[in-house]
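Here is what each chain is made of, one letter per residue.
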Amino acid sequence: MKQDSDILLALLMNFALCSLMAVGGANSVVPEMHRQAVDVHLWISDRKFSELFAIAQAAPGPNVVFVTLLGHYIAGVPGALVTTFAMCAPTCTIAYLVARVFDRFKDATWRIVIQAGLVPVTIGLIAASALIVARAADRDAATFLITIASFALAYWTRITPLAALAAAAGLGLIGII
Amino acid sequence: MPEPAAPVPSPPVPHPPLPPGRHVPTPRELFLGFAKIAVCGFGGVLAWSRRVIVQERGWMSPEEFNEQLALCQVLPGPNIVNFSVMFGSRAAGLAGSLAALFGLLGPPVILMILAGILYRRYGELPELRGVLSGLAAAAAGLLIATSLQMIRAMVKNRLTAGHIVAVVTFGAAGILRMPLLWVMAVVIPISIAFAWWERR
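Worth saying up front: this structure is predicted, and the values here are computed from it rather than measured.

**Thoughts on the interface of chain A and chain B**
How big an interface is tends to be reported as the loss of accessible area on association of its parts.
Inference 1: Facing 102 residues of chain A, the contacting portion of chain B comprises 90 residues.
Inference 2: Taking both sides of the interface into account, the surface hidden between chain A and chain B amounts to around 8200 Å²; carbon and sulfur atoms contribute 77%.
Inference 3: Summed over the shared surface of chain A and chain B, the number is four salt bridges.
Inference 4: Among the ionic pairs, A:Asp39 bridges to B:Arg177, the shortest N-O distance being 3.3 Å.
Inference 5: Between chain A and chain B we count 21 residue pairs in polar contact (both at pLDDT 80 or more) in total.
Inference 6: For the side of chain A that touches chain B, the elements supplying multiple residues, two or more each, are helix 1 (2–21), helix 2 (30–40), helix 3 (46–58), helix 4 (66–99), helix 5 (102–105), helix 6 (109–137), helix 7 (141–156) and helix 8 (161–173) of chain A.
Inference 7: In the side of chain A that touches chain B, the residues fall into 66 nonpolar, 24 polar and twelve charged.

**Things to note about the domain arrangement of chain B**
Inference 1: Along its sequence, chain B is organised into domain 1 (27–157) and domain 2 (158–200).
Inference 2: Summarising the inter-unit geometry, the C-alpha centres of domain 1 of chain B and domain 2 of chain B are found 26 Å apart.

**Points about the state of the cysteines**
Inference 1: Summed over all chains, the structure comprises zero disulfides over all chains.
Inference 2: Unpaired in this structure, B:Cys40 has its nearest cysteine sulfur neighbour in A:Cys88, at a distance of 20 Å.
Inference 3: Assessed through its relative accessible area of 26%, B:Cys40 is described here as partly exposed.
Inference 4: With no disulfide of its own, B:Cys72 lies closest to A:Cys92 among cysteine sulfurs, the gap being 9.9 Å.
Inference 5: Look at B:Cys72 and you get buried, because its relative accessible area is 0%.

**Regarding the packing of helix 7 of chain A against helix 8 of chain A**
Residue and element names in this part refer to chain A.
Inference 1: Direction vectors running N to C along helix 7 and helix 8 enclose 160°, while the axes themselves pass 9 Å from each other. Between helix 7 and helix 8, the crossing angle belongs to the class labelled roughly antiparallel. Crossing angle aside, the handedness with which helix 7 passes helix 8 is right-handed. Within the contact between the two elements, helix 7 uses Ile146, Ser150 and Leu153 and helix 8 uses Pro161, Ala164, Ala168 and Leu171.
Inference 2: For the contact of helix 7 with helix 8, the class distribution of residues is six nonpolar, one polar and no charged.

About the thresholds
Residues numbered from 1 in each chain as written. Chains lettered and ligands numbered in written order. Predicted model: local features only at pLDDT ≥ 70, side-chain atom pairs only at ≥ 80, totals over all residues. Heavy atoms only, no water. Contact = heavy atoms within 4.5 Å. Buried area = accessible area lost by both parts, 1.4 Å probe. Salt bridge = Lys/Arg side-chain N within 4 Å of Asp/Glu carboxyl O. Polar contact = N/O pair within 3.5 Å; in protein donor to acceptor, adjacent residues only side chain to side chain. Helix = DSSP H or I, 4+ residues; strand = E, 2+ residues; numbered from the N terminus. Nonpolar A, V, L, I, M, F, W, Y, C, P; charged D, E, K, R; others polar. Domains from an automatic or database assignment. Disulfide = S-S within 2.5 Å. Buried < 20%, exposed > 50% of the residue type's maximum accessible area, 1.4 Å probe, protein only. Axes fitted to C-alpha atoms, helices over the stretch in contact; angles between N-to-C directions. Parallel < 35°, antiparallel > 145°, perpendicular 65-115°, else oblique. Left-handed = near helix turned anticlockwise from the far one by under 90°.

Below is the structure:
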């Protein structure tokens, strides 16, 4: 039991920190979650991390529920609730407090400047997330080709990204991957 | 709806009240609205939140939606989650925030726990190996597309300090795998300073 509560506490601390570092959205902290869960704490393998990420992408709901799935894998239902709470509570509190003064600084220069400054950081982090997930997922020629095809579909067409996920899952089901 | 149609005694809460003349959603309506966004929002919920909040329910004008979203993007954390809390608060105070938040997170969290149970039980079945590998490879491709779309939106005209910041952040977090806290402590102040400089 001691060990269980240790893991939950570690999850709480880690994901609360991730919450506060998630500039531009939850996917920005995928590199940090991966570093903590795969490299530092050895809670999950690289391959499983990428598979859970994909399942969360394929499901409805905000991206952030990837942490629910990850928390569940690491520590069951309590883990899922702890990671979800930790990932949302700090920033929700800020959002709640800020909502009261919303109108005061929607046109403020500092807000516009901070936002402009965060954009390149977000881009770097999303690209890092992409690299990390791709490195874990692309283990052979078939998976590599799937990644390229899904990229091409999402980048150059207006077809829903779900089509890429569904097609890839279908190819896997019939044994091509 | 059992709502009284006559002038509703305005609750004391709405912090900066929503603009007059528009229907102010109750906590119950907030819960249901955000739950719908969560359940319908495959592959990112932004498009569905706009659709439900602006078009379907008329809770916000398109401009208000964009303004509030921009503000949420300055805050850390999941954007749309922050959005739900902020909008819920403006409409109905703390109860509104909680209703919107639980509507948005409740259904997907339950779904993810079910998915987690199935994954732990059946994830290593040979029949599912290919499906999960395929999904992961496709999800990687989608993320690459998202990053390139963001890069393309930023590149526009000329090379700026922002490009260097993006590359440094990518290298530090993605290749060198440095702790994100250190990376951000260095990169964010520099990036904001550059943004300030360029705006002057």
